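Chain and residue survey
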Amino acid sequence: METNTIQRTKQTLQKTERISGSEAIVRCLLAEGVKTLYGYPGGAIMPVYDELYKYQDKIHHVLTRHEQGATHAAQGYARISGEVGVAMATSGPGATNLITGIADAQIDSTPMVCITGQVASHLLGSDAFQETDIVGISTPVTKWNHQITKASEIPEVMAKAFYIAKSGRPGPVLIDITKDAQFEEFDFSYEKCTHVRSYKAIPDTDKNALSAAAELINNAKKPFVVWGQGVILSEAEQEFKAFIEKAGIPSAWTILGVSAIPTEHPLNVGMVGMHGNYAPNVLTNECDVLIAIGMRFDDRVTGNLATYAKQAKVIHFEIDPAEVDKNVKTDVAVLGDAKASLKAILSLIDKKSHTEWHQKFKDLYAIEYEKVIKNDLHPTKEGLTMGEVMNEINIQSKGEAAIVSDVGQHQMIACRYANFNQTKSNITSGGLGTMGFGLPAAIGAKMAKPEREVVCVCGDGGYQMTIQELGTIFQQKAAVKIVVLNNDFLGMVRQWQQLFFDKRYASTEMTNPDFVAIAKGYHLNARRVTKREELAEAVAEMMQSKQAYFLEVCVEKEDNVFPMIPTGASVSDIRLS
């Protein structure tokens, strides 16, 4: 027994090396396979940046123009790659500027590790220059956070940070490191984390729950699937496709779930939610079995909970037990990883077609096409519509582009009309609805997958919230294609003001700058389109460019997004006009 202990001690000693805390941070990042991180330097994190300077050939640091841009870029990187995004900032305002991106990552289950510098440990609580309690501030919007005051804590805490961020239901983690811990030397060794006591990343799947779910599905006359991002996060796309094809179930998506199966798949019946498609919303309240997979019954999906799918038996495939019965009462909860659960239930379900039930979706789609879709994609009015711009992008990209959208009317149009042939192709801010998300997230997505075409679709409002990241695009030579749909309004708010506030357009009309001139100031190729006959050529020019490209399309000022479920209404009360 003593000999084994001595041998283990010798092995551990052989693996250690005396280095500073700041170098240990960089070594930990390398051990976790980090090749790119986004950040902004400052006094309290300067020792780590000094070490990064020595490792430039191994880790590419991207200097964003604002710390919020760093978090959104890390999100875009994570969402398209499935890896952990990394952002770094200094203390005080640098750290607090990360919060919006961290909150966005938390609600959208994006794996991210944020590293912040902090004042020296003996100054904590003294209101020192640029001291902020970032651990206290970030606690409600992180999956886990921790403050390091001793260099010796760094390896274990960093290993836990990456494990917690990626495992189970992913999310953001923040690690705050005092400046003295960055300078302090210690004997460094690193071991990846594979478990944390009292933290169960993936709950066990109950075989009885699988059997009960299969029985409900097999006996259903009008089954309906709503899937979310959980299918993508668990990389269950193939298992999901096999499941719905065998069971023959019409399936609709939340905005974060789209692209798990191709847009043109015959069982893909469109988007649910406030601006979703007509058929899946109306028929939610007619199905007899509702199968939710990797989604959380967000209020934008359910509308009025008092009237949501009350006639249906509800099956919920979910990795996070806290989401079960939180909003919608579940009849059968299948806890566990979606990939494993769908694989396990496949042999238990019968092959079905549900032809008559599918026809109902087709009939309602025909109504929506005539009243909404046709006018969006092929308008007869003089002004350009957001829908026809997306349609032209579809034509030029052939459904292979990753679409990164900001938040607003253009976001709903992009989600409704973009064609996706590949998974992880729709990157947007879902739960938090963060204006300013699009441009920096597109940078991260393009840097993670440089071989993919990345198109950023923004409105004129959200675009200006992070417009400074054009500097990052220029410096990094990131070939992002940027499309601003300019209606000189905060469009989504204006739509609500038109429909529900008697057209009192309070503080929503915008006097915008010359966007093309600004883009050219950052040395980007740029063009403005104001007429329909210019659109196809301009989009083709953009898509064929090997460099970053900015395209402004001036669309109708008072164009609305329909269908629409008014706040507090039932999903079956969806409006087509």
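As a convention, each chain's residues are numbered from 1 in the sequence order in which they are written. Reporting of local features is limited, given that this is a predicted model, to residues whose pLDDT is at least 70; pairs of side-chain atoms are given and counted only at 80 or more, and all residues count toward the totals for whole chains, interfaces and linings. Only hydrogens and water are set aside; all other atoms, that is, all heavy atoms of the structure, feed into the side-chain values.

1. A word on the overall build of the protein chain
The secondary structure content of the protein chain amounts to 24 helices and 20 strands. Considered along the principal axes of its C-alpha atoms, the protein chain spans approximately 75 × 65 × 40 Å. Buried positions account for 59% of the 577 residues belonging to the protein chain. Note on contacts: a residue pair qualifies if any of its non-hydrogen atoms lie within 4.5 Å across the two residues. Contacts in the protein chain between residues at least 24 apart in sequence constitute 77% of all its contacts with a sequence separation of at least 6. Here the Shrake-Rupley method, with its probe set to 1.4 Å, supplies the accessible areas, and only the displayed protein chains count as covering residues. When the accessible surface of the protein chain is totalled, it reaches about 23,600 Å², and 51% of it is carbon and sulfur. Positive charges are assigned to Lys and Arg, negative charges to Asp and Glu, while His and the chain termini are left out of the count. A charge is said to be at NZ when it belongs to Lys, at CZ for Arg, at CG for Asp and at CD for Glu. For the protein chain, the distance from the average position of its 58 positive side-chain charges to the average position of its 68 negative side-chain charges is 4 Å. Strands here are runs of E lasting at least two residues and helices are runs of H or I lasting at least four, both read from the DSSP assignment and numbered beginning at the N terminus. Throughout this description, buried means an accessible area under 20% of the type-specific maximum (1.4 Å probe, protein chains only), exposed means over 50%, and partly exposed covers the range between.

2. Section: the state of the cysteines
In this description, the term disulfide denotes a pair of cysteine sulfurs within 2.5 Å. Counting across every chain of the model gives zero disulfides. Looking at Cys 456, it has no disulfide partner, and the nearest cysteine sulfur is the one in Cys 458, 3.4 Å off.

3. Quick notes on the pattern of salt bridges
Two side chains with opposite charge may pair up if their charged atoms get near one another. Every case where a carboxyl oxygen of Asp or Glu lies within 4 Å of a side-chain nitrogen of Lys or Arg is listed as a salt bridge. Applying the stated criterion across every chain yields a total of 26 salt bridges. Salt-bridge contacts for Arg 169 lead to Glu 323; the nearest nitrogen and oxygen are separated by 2.8 Å. Of this pair, Arg 169 sits in the loop between helix H8 (154–166) and strand E7 (172–178) while Glu 323 sits in the loop between strand E13 (313–318) and strand E14 (332–335), and the two are 154 residues apart along the sequence. Overall, Arg 169 belongs to the partly exposed group, its relative accessible area being 21%. The class for Glu 323 is buried, based on a relative accessible area of 7%. A salt bridge links Lys 360 to Glu 286; the nearest nitrogen and oxygen atoms lie 3.1 Å apart.

4. So, the pairing of strand E5 (residues 112–118)
In terms of residue burial, E5 counts as a mostly covered element, since seven of its seven residues are buried. Of the two faces of E5, the one carrying Met 112, Cys 114, Thr 116 and Gln 118 and the one carrying Val 113, Ile 115 and Gly 117 are both buried. Bridge analysis of E5 against E7 gives seven bridges, and the strand direction is parallel. By the bridge assignment, Cys 114 is partnered in E7 with Leu 174. Strands qualify as paired when DSSP identifies two bridges or more between them.

5. A closer look at the domain arrangement of the protein chain
Split into domains, the protein chain comes out as domain 1 (17–188), domain 2 (207–360) and domain 3 (382–554). Spacing between the C-alpha centres of domain 1 and domain 3 amounts to 30 Å. Each partner contributes residues to the interface: domain 1 has 25 residues there, and domain 3 has 28 residues. Buried area: the sum, over both parts, of the accessible surface (1.4 Å probe) that disappears when the two are put together. Note on domain 1 versus domain 3: buried area summed over both sides is about 2,000 Å², and carbon and sulfur give 63% of it. Of all residues in domain 1, the largest losses of buried area upon contact with domain 3 belong to Arg 65, Arg 79 and Ile 80, amounting jointly to 35% of the total for that side. The interface formed by domain 1 and domain 3 contains zero salt bridges. When contributions to the side of domain 1 that touches domain 3 are tallied by element, the ones reaching two or more residues are strand E2 (36–39), strand E3 (60–63), helix H4 (67–81) and helix H6 (99–107). Either an automatic procedure or a domain database provided the assignment from which the domain bounds are taken.

6. As for the nonpolar core
Core analysis: the biggest nonpolar cluster contains 97 residues, and Phe 224, Phe 243, Leu 290, Ile 293 and Val 553 have the highest contact counts within it. Looking at which domains feed residues into this core, each of domain 2 (207–360) and domain 3 (382–554) gives three or more. Not counting the four nearest positions on each side in its chain, Val 553 is found in contact with Leu 384, Val 389, Val 483, Val 484, Leu 485, Asn 486, Val 529 and Leu 535. To form a nonpolar core, buried Ala, Val, Leu, Ile, Met, Phe, Trp, Tyr and Cys residues must be joined to one another through side-chain atoms within 4.5 Å.

7. Side note on unusual backbone geometry
The residue after Phe 562, namely Pro 563, is reached through a cis peptide bond having omega 0°. Phi is positive for Ser 109, which is not a glycine, with a value near 55°. Of note, Ser 109 is situated in the loop between H6 and E5. With a phi close to 60°, Ser 507 is a non-glycine residue in the positive phi region. Mapped onto the elements, Ser 507 comes out in the loop between helix H22 (491–500) and helix H23 (515–521). Since its relative accessible area comes to 72%, Ser 507 is described here as exposed.

8. Observations concerning H22
For H22, the complete set of buried residues consists of Gly 491, Arg 494, Gln 495 and Gln 497. All buried residues of H22 project into a common sector of 165° when viewed along the axis, lining one side. Those residues of H22 that are buried are in contact with helix H18 (409–417). The directions considered for the arc are those from the helix axis to the C-beta atoms.

9. What to know about H4
In this scheme, a helix's expected span is set at 1.5 Å multiplied by one less than its residue total. Its 15 residues give H4 an end-to-end C-alpha distance of 21 Å, which sits within 8% of 21 Å, the value for a rise of 1.5 Å per residue. With respect to burial, H4 is a largely interior element, 15 of its 15 residues being buried. Trailing H4 by a residue or two, Gly 82 shows a phi angle of about 80°, which is positive.

10. A closer look at the sheet that holds E7
Hydrogen bonds between backbone groups are what pair the strands of a sheet, and the pairing can be parallel or antiparallel. Pairing is parallel across the open sheet formed by six strands, whose spatial order is E3-E2-E4-E5-E7-E6. Only two strands of the sheet have a single neighbouring strand rather than two, namely E3 and strand E6 (144–148). For this sheet the average axis-to-axis angle between neighbouring strands, irrespective of direction, equals 20°. Taken together, the two bridges between E2 and strand E4 (residues 85–89) define a ladder with parallel strand orientation. Counted as the bridge partner of Gly 39 is Met 88 from E4. Each axis is a line fitted through C-alpha atoms, taken for helices only over the stretch in contact, and angles between the N-to-C directions span 0 to 180 degrees.

11. A look at the packing of H4 against H6
Orientation of H4 relative to H6, taken along the N-to-C sense of each, is 25°, at an axis distance of 7 Å. Between H4 and H6, the interaxial angle falls into the category roughly parallel. Listed contacts from H6 to Gln 68, Thr 71, His 72 and Gln 75 of H4 are Thr 100, Gly 101, Asp 104 and Ala 105. Each residue gets one of three labels, nonpolar for Ala, Val, Leu, Ile, Met, Phe, Trp, Tyr, Cys and Pro, charged for Asp, Glu, Lys and Arg, and polar for the others, Gly among them. Each residue belonging to the contact of H4 with H6 can be placed in one class, and the counts come to one nonpolar, six polar and one charged. Note that the term roughly parallel is reserved for angles under 35 degrees, roughly antiparallel for angles over 145, roughly perpendicular for angles of 65 to 115, and oblique for everything else.

12. Looking at the side chain of Lys 424
Inspection of the secondary structure assignment puts Lys 424 in the loop between H18 and strand E16 (426–427). Beyond its immediate stretch of four places on either side in the chain, Lys 424 contacts Arg 79, Ile 80, Ser 81, Gly 82, Ile 232, Glu 235, Glu 237, Ser 259 and Arg 452.

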